[in-house]
Amino acid sequence: MSTTDEYHYSVSGVPAVETDHPGHTIAPDNVTVVFDDGEFRQLSISGQCVESPRVRVTRRFKKAKRVPEWAQQYLSLD
């Protein structure tokens, strides 16, 4: 039976992240990381859409190599 662990982090002052919609970016304020049996499964970055401040957006990364450089510190359980 696998064990799933989810970790939530508040972030500020980090670079904006592009969304899957061209021309839209996220001002990140939250990072969530999911591990299954100690292995990385998904990292989500959420925050306000820079172009539409009333809209909250989440971008999910399922491959560690696609995670923005500033967020890679959250990919390890160490």
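Just above sits the structure.
Here is a short report on the structure shown in this document. Not measured: the values here are computed from a predicted model. Residue positions are given per chain, counting from 1 as you read along its sequence in written order. A pLDDT threshold of at least 70 governs which residues receive local features in this predicted model, and a stricter bar of 80 or more applies before side-chain atom pairs are shown or counted, although totals over entire chains, interfaces and linings include all residues. With hydrogens and water stripped out, all remaining heavy atoms of the structure feed into the side-chain values.

**A word on the pattern of salt bridges**
Any Lys or Arg side-chain nitrogen found within 4 Å of a carboxyl oxygen on Asp or Glu counts as a salt bridge. With the rule as written, the count across this model stands at 4 salt bridges. Between Asp20 and Arg59 there is a salt bridge; the shortest N-O distance is 3.2 Å. Of the two residues, Asp20 is situated in the loop between strand E2 (17-18) and strand E3 (25-36) and Arg59 in strand E5 (residues 56-61); the sequence distance between them amounts to 39 residues. Through salt bridges that share partners, Asp36, Glu39 and Arg41 make up one connected network. Strands are runs of DSSP state E lasting at least two residues, helices are runs of H or I lasting at least four, and both sets are numbered from the N terminus onward.

**Some words on the environment of Asp37**
Mapped onto the elements, Asp37 comes out in the loop between E3 and strand E4 (39-49). When the C-alpha atoms of Asp37 and Asp20 are compared, they prove to be 29 Å apart, with 17 residues separating the residues in sequence. Pairs of residues are marked as contacts when any of their non-hydrogen atoms sit within 4.5 Å. The contact partners of Asp37, leaving out residues within four places of it in the chain, are Met1, Ser2 and Thr3.

**Digging into the nonpolar core**
Among the buried residues, those of types Ala, Val, Leu, Ile, Met, Phe, Trp, Tyr and Cys that are joined through side-chain atoms within 4.5 Å form a nonpolar core. Only protein chains enter the accessibility calculation, which uses a 1.4 Å probe; a residue whose area is less than 20% of its type maximum is buried, one above 50% is exposed, and one in between is partly exposed. Grouped together as the largest cluster of nonpolar side chains are 14 residues, with contacts concentrated most on Val31, Leu43, Ile45, Trp70 and Tyr74. Those residues within four positions of Val31 in sequence are excluded, and the remaining contacts are Tyr7, His8, Tyr9, Val11, Leu43, Ser44, Ile45, Trp70 and Tyr74.

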